[in-house]
Amino acid sequence: MSRPQRIESSIARALAAAGVIREPHFHDTVDLAWPRVVTGFAIMSKRTVDLALVGLVIGPTAVAGLTLASAFWMVAKFLAIGLAGGTVALVSQNYGGGDDDRAAAVVRLAVVLSVLTGIPVVAFFGLGAEPLVSLLGGDAESIGYGATYLAVVAPGLFFEYLNLIASRTYAGVGDTVTPMAVRAGGAVANIALSATFVVGLDMGVAGAALGTAVSTGLVTVVFTWGMTGRSYVRGRGASPVPLTLSGPFFDRELFRQLASVSAPLIARRAAQGLVVFPLLAIAATFGPVAVAAIGVGRQVRELMGSFTWGFSIASSTLVGQELGSGGESEAEAYGWGIVKLSLLIYVVVTVAVIGFADPIAGIFVDDPANQALSAQFVRVAAISVIALGVDGSVTGALRGAGDTRIPFLSALAGLYLVALPVAWLGTVVPAIGITGLLAALLAEKVVPMAVNLWRFRTNRWKAVSRGYRPDPSD
């Protein structure tokens with residue numbers, strides 16, 4: 001046994017003794033989660049790099065502009081994440097139940113739907129960038145930067161839609177290493193391209209957007225090879241449910257199931273994305289510095305949330321596969337174990353980020369006043385990420401069961417019934433002011449976490465999953 005393996009075994013025994021997660025479950029979770037964590041960092045680093053480059057080269061107005069533009073990118077991406085979430089649920093259950101052909105049919109249908117939705121979204125954002133960004137308000141300079149970024153980066157959304165389906169397909173069959181390697185390569189390419197365009201060629205905001213769009217397209221090219229059943233190195237990386245042109249592109253029953261699971265996920269993600277618009281409009285009333293600060297805080301939280309990428313997808317896959325083979329008790333044990341493990345890790349990460357909030361903010365802005373405000377948002381974002389982490393794990397378990405309606409409703413409650421009114425209150429009560437935005441940053445994650453933990457505890461998700469499992473007679 002190698003030294004890393006001995007360390008992992010020691011940690012697994014300690015966590016099992018503490019009642020956090022069973023030892024074999026820890027190993028299964030780590031095997032699936034750590035590549036997804038790296039993948040999350042790789043993906044989220046793209047926007048982080050863009051914000052840092054334009055912030056240091058141009059200034060806070062450019063950071064504010066990218067924050068406005070990124071709201072549109074994220075709401076469009078969230079729609080695809082919802083579809084991808086339905087894909088991993090059905091792929092994992094059918095693959096876990098031994099029906100590879102049906103799992104492959106799910107992937108084929110998801111790719112078709114991604115293409116049909118991706119093309120009009122790209123055209124809409126590319127052609128209407130300036131009027132769209134102007135809807136959020138703010139000063140003319142920030143709007144100009146945001147419009148430029150959105151128009152240039154828009155084609156990358158088409159490729160990102162396909163990349164999400166590919167990543168979730170691999171996760172559904174228990175392979176998170178392949179998408180990690182592909183996404184990490186894309187992140188390295190993005191850093192090199194964006195730095196070259198922004199600094200080397202002095203292309204400013206347009207250069208940052210171009211680097212992101214091109215690197216995202218390169219990721220799609222690489223994914224295509226493995227998704228069509230071809231291996232990368234030494235027979236590794238070929239999807240066991242390959243994408244082919246044989247078979248029907250539309251299966252009514254599969255479409256019904258995919259729509260049933262994905263619709264609440266899409267609605268939940270859309271709700272999460274759309275609420276950013278009124279929040280940014282509220283922030284804009286305090287000036288571009290406040291917009292830049294909330295953008296930095298949310299971006300740091302997204303980067304910290306990369307751990308959730310791993311735990312959530314591990315929870316979806318392991319719970320889904322156990323349910324597909326009829327192991328409801330084992331599925332429940334996996335779910336609770338991953339939830340407790342994510343809580344432990346996020347407490348440690350949060351303490352570290354709070355301690356380094358000032359230098360972290362300094363990566364994006366160098367003006368002392370701007371840095372101080374951004375550091376405040378970084379600290380609150382770090383606290384809220386504990387709730388984000390727990391919610392991501394429990395939502396992953398519910399998603400693996402196909403139980404996606406309650407997570408959607410809980411997200412609505414947290415965002416629109418609590419976070420948005422609290423943020424708005426700061427505009428009408430001077431004593432609250434920007435503190436309302438800070439409180440909203442926390443509330444939007446705490447409320448859904450509480451509701452989804454309650455849902456998982458009821459065990460009703462087990463009954464929901466029985467409607468999506470493969471027929472044992474197949």
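The following paragraphs examine the structure supplied in this document. Computed from a prediction, not measured in an experiment: that's the story for all the values here.

## A word on the overall build of the protein
Logical step 1: Within the protein, the regular secondary structure consists of 19 helices and zero strands.
Logical step 2: The C-alpha radius of gyration of the protein comes to 22 Å, within 12% of the 23 Å expected for a compact globule of 474 residues.
Logical step 3: Seen through its C-alpha atoms, the protein measures out along the principal axes to roughly 65 × 50 × 45 Å.
Logical step 4: Looking at the protein as a whole, 57% of its 474 residues qualify as buried.
Logical step 5: Within the protein, counting contacts between residues at least 6 apart in sequence, those at least 24 apart form 80% of the total.
Logical step 6: Split by element, the accessible area of the protein, about 17800 Å² in all, is 67% carbon and sulfur.
Logical step 7: Averaging the locations of the 32 positively and 29 negatively charged side chains of the protein gives two centres separated by 5 Å.

## As for the pattern of salt bridges
Logical step 1: Considering all chains together, one arrives at nine salt bridges under this definition.
Logical step 2: Between Arg-301 and Glu-444 there is a salt bridge, with the nearest N and O atoms lying 3.4 Å from each other. In this pair, Arg-301 sits in helix H12 (residues 288-304) while Glu-444 sits in helix H18 (residues 435-458), placing the two residues 143 residues apart along the sequence.
Logical step 3: A relative accessible area of 1% means that Arg-301 is categorised as buried.
Logical step 4: Judged by relative accessible area, which is 5%, Glu-444 ranks as buried.
Logical step 5: Measuring nitrogen to oxygen at the nearest pair gives 3.1 Å for the salt bridge that ties Arg-379 to Asp-358. Separated by 21 residues along the polypeptide, Arg-379 in helix H16 (residues 368-400) and Asp-358 in helix H15 (residues 357-362) bring together distant segments of the chain.
Logical step 6: Linked by salt bridges that have partners in common, Lys-77, Glu-160 and Arg-183 make up one network.

## A look at the packing of aromatic side chains
Logical step 1: Applying the stated criterion across every chain yields a total of eight aromatic pairs.
Logical step 2: Relative to Phe-223, the ring of Tyr-170 lies with its centre 6.3 Å away and its plane at 25°, an arrangement referred to as stacked. Placement of Tyr-170 in helix H7 (residues 155-172) and of Phe-223 in helix H9 (residues 204-227) is noted, with a sequence separation of 53 residues between them.
Logical step 3: The class for Tyr-170 is buried, based on a relative accessible area of 0%.
Logical step 4: Taken together through their ring pairs, the aromatic side chains of Phe-72, Phe-124, Phe-125 and Phe-277 make up a single cluster.
Logical step 5: Positioned over the ring face of Trp-225 is Arg-230, at 4.2 Å from the centre of the ring.

## Some words on unusual backbone geometry
Logical step 1: Although it is not a glycine, Asp-202 adopts a positive phi angle of roughly 55°.
Logical step 2: By secondary structure assignment, the location of Asp-202 is in the loop between helix H8 (177-200) and H9.
Logical step 3: One non-glycine residue, Asn-459, lies in positive phi territory at about 70°.
Logical step 4: Note that Asn-459 resides in the loop between H18 and helix H19 (460-465).

About the criteria used
Residues numbered from 1 in each chain as written. Predicted model: local features only at pLDDT ≥ 70, side-chain atom pairs only at ≥ 80, totals over all residues. Heavy atoms only, no water. Helix = DSSP H or I, 4+ residues; strand = E, 2+ residues; numbered from the N terminus. Rg over C-alpha atoms; globule rule 2.2 N^0.38 Å. Buried < 20%, exposed > 50% of the residue type's maximum accessible area, 1.4 Å probe, protein only. Contact = heavy atoms within 4.5 Å. Areas by Shrake-Rupley, 256 points an atom, 1.4 Å probe, with all protein chains shown as cover. Lys, Arg positive; Asp, Glu negative; His and termini not counted. Charge placed at Lys NZ, Arg CZ, Asp CG, Glu CD. Salt bridge = Lys/Arg side-chain N within 4 Å of Asp/Glu carboxyl O. Phe/Tyr/Trp six-rings, centres within 6.5 Å; stacked < 30°, edge-to-face > 60°. Lys NZ or Arg CZ within 6 Å of the ring centre and 35° of its normal.

By themselves, these figures tell us nothing about what the structure is for.
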